[in-house]
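Now for the letters of each chain:
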Amino acid sequence: MNSRLFRLLLNLYPPYLFTGIRVDRVSADYSEINVSMTLRWYNRNAVGTQFGGSLYAMADPFLMLMTMRQIGPDHIVWDKSAQIDFIAPGRGTVYARFRMPPAEIERLRREAARGQAVLPEYRVDITDGDGKLVARVLKTLYVRRKKERAAA
């Protein structure tokens, strides 16, 4: 699937469509994704700032999806764990930038070639329009080469 169609489908995906999360850019090689979320009445918390669950949702699937698209079908890729630290209130549009460069994919392939699961950790910062840190997300992926199936 080309990256433009992928971006369109993500933007129409109901959990994003109805939270105000927007995928702004997906690079052709899936190594970069930019996401934003505008503060709206439906993603505002009790004190009028960005709802924490929506902030986390901005960071939830993208590193896994980027890795899956780049590493190929001979690997299993899952989100293993996540942690979010709320640093400052999000009072307007917030942004997250995801990077999974080809060199990192090659490193994961090399490590997974040994037959063991690889558990890489990645940090994603969610910032406001001025670049001020709003939240920091730590994601751990699970990456493993698929086992060869015995001939039937």
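Refer to the structure presented above.
For the structure given in this document, a descriptive report is provided here. (Residues numbered from 1 in each chain as written. Predicted model: local features only at pLDDT ≥ 70, side-chain atom pairs only at ≥ 80, totals over all residues. Heavy atoms only, no water.)

**What about the overall build of the chain?**
The line we're drawing: The secondary structure listing takes helices from DSSP runs of H or I that are at least 4 residues long and strands from runs of E that are at least 2 residues long, numbered from the N terminus. Residue contacts are defined here by distance: any two heavy atoms, one from each residue, within 4.5 Å place the two residues in contact. Shrake-Rupley sampling with a 1.4 Å probe provides the accessible areas, and residues are treated as covered by the protein chains on show and by no other component. Two residue types count as positive, namely Lys and Arg, and two as negative, namely Asp and Glu; His and chain ends fall outside the count. Where a charge sits is defined by one atom per residue type, namely NZ (Lys), CZ (Arg), CG (Asp) or CD (Glu).
Looking only at helices and strands, the chain features five helices and six strands. Helices and strands in the chain line up, N terminus first, as α-α-β-β-α-α-β-β-α-β-β. Its C-alpha atoms put the chain at 60 × 30 × 30 Å along the principal axes. When contacts within the chain are restricted to residue pairs at least 6 apart in sequence, those whose partners lie at least 24 apart make up 65%. Approximately 8800 Å² of the chain is accessible, and the part contributed by carbon and sulfur atoms is 54%. Of the charged side chains in the chain, 24 are positive and 15 negative, and the gap between their average positions amounts to 3 Å.

**As for the nonpolar core**
Using the following cut-off: To qualify as a nonpolar core, a set must consist of buried Ala, Val, Leu, Ile, Met, Phe, Trp, Tyr and Cys residues joined through side-chain atoms within 4.5 Å. We call a residue buried when its accessible area falls under 20% of the maximum for its residue type, exposed when it is over 50%, and partly exposed in between, using a 1.4 Å probe and counting protein chains only.
Core analysis: the biggest nonpolar cluster contains 36 residues, and Ile 33, Met 58, Phe 62, Leu 63, Phe 98 and Ile 126 have the highest contact counts within it. With six residues, helix α4 (residues 62–71) is the largest single contributor of residues to this core. Setting aside anything within four residues of it in sequence, one finds Ile 33 in contact with Phe 6, Val 23, Arg 25, Val 26, Phe 62, Met 66, Ala 96, Arg 97, Phe 98 and Arg 99.

**Regarding the side chain of Thr 140**
Mapped onto the elements, Thr 140 comes out in strand β6 (residues 133–145). Not counting chain neighbours up to four residues away, the residues in contact with Thr 140 comprise Trp 78, Asp 79, Lys 80, Ser 81, Leu 119, Pro 120 and Glu 121.

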